[in-house]
Amino acid sequence: PTWTLPALPMMSMVDRLAGAVGEPVRSLFDVQVHRWLPLPGGPLRLRTEVRGAGAECSVTLLAWREAANPALSRFEPVASGRVNVRGGETESVSPAPFAPLEDLVDEADPYASGALIHGTAFQYLVALKIGAAGSSAVLQADRGRVPRGALHQGLLDAATHGLPHDDLRRWSNRIP
């Protein structure tokens, strides 16, 4: 996401939020990325804080920020969200199916074209069609090499690869 430094992908942050509760996750809500987390190539100090118990917990992923003045060094929030493990009040309801997309056009491989700058470990997308109102993507779960984690973070990340990230004006005339 930075185009300059490797950074922890958003779905890897989400995976860490889910993994912190120690139980199978049913859903996540109100997930927020507070800042990107550049990967320095050396050790990285991360911590998760879990608040609450029962069906829903609030979880925050924090990263250590080293300051020139050691007294100012501290853990800072990177991402946060609510994690639901058993249902309850925040249980999600399945949405109605989308209407069929009728104007889909085969797209070039976004990894090969540079539209997506993901390395081979994150390349799960094997087919992509985009139209004026949406897209259809085929992912191959065993293609990438990202460690599975709590939610299969690589596949979860690839679920966003069907979006025309570098050309969102295709879906809205309000985007220049």
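Residues numbered from 1 in each chain as written. Predicted model: local features only at pLDDT ≥ 70, side-chain atom pairs only at ≥ 80, totals over all residues. Heavy atoms only, no water.

## Side note on the nonpolar core
Link 1 in the chain: Counting 13 residues, the largest nonpolar core has Met13, Val21, Leu37, Val59 and Val78 as the members making the most contacts within it.
Link 2 in the chain: Elements represented by at least two residues in this core include exactly helix H1 (10-19), strand E3 (56-65) and strand E4 (74-84).
Link 3 in the chain: With 4 residues, the top contributor of residues to this core is E3.
Link 4 in the chain: Not counting residues up to four positions away in its chain, the partners in contact with Met13 are Leu8, Val33, Arg35, Trp36, Leu37, Leu61, Val78 and Ala79.
Link 5 in the chain: Core analysis: the second largest hydrophobic core is formed by 5 residues, Tyr111, Leu116, Leu125 and Ile130 among them. (Core = buried A, V, L, I, M, F, W, Y, C linked by side-chain atoms within 4.5 Å. Buried < 20%, exposed > 50% of the residue type's maximum accessible area, 1.4 Å probe, protein only. Helix = DSSP H or I, 4+ residues; strand = E, 2+ residues; numbered from the N terminus. Contact = heavy atoms within 4.5 Å.)

## A closer look at H1
Since the α-helix turns once every 3.6 residues, residues separated by three or four places project in the same direction.
Link 1 in the chain: A large share of H1 lies buried, amounting to 7 of its 10 residues.
Link 2 in the chain: Check the buried side of H1 and you find it contacts strand E1 (27-33), E3, E4 and helix H3 (153-158).

## Focus: unusual backbone geometry
Link 1 in the chain: Located in the positive-phi region is Asp30, a residue other than glycine, with phi close to 55 degrees.
Link 2 in the chain: Looking at the secondary structure, you find Asp30 in strand E1.
Link 3 in the chain: You can call Asp30 exposed: its relative accessible area is 51%.

## Thoughts on the sheet that holds E1
Link 1 in the chain: One open sheet holds the 4 strands; their spatial order is E1-E4-E3-E2, and the pairing between them is antiparallel. In the strand order of this sheet, the two ends are held by E1 and strand E2 (46-51), each with one partner. Neighbour to neighbour, the strand axes of the sheet diverge by 25 degrees on average, direction disregarded.
Link 2 in the chain: In terms of strand pairing, E3 meets E4 through 10 bridges, oriented antiparallel. Bridge pairing in E4 links Leu62 to Pro77. (Pairing = 2+ DSSP bridges. Axes fitted to C-alpha atoms, helices over the stretch in contact; angles between N-to-C directions.)

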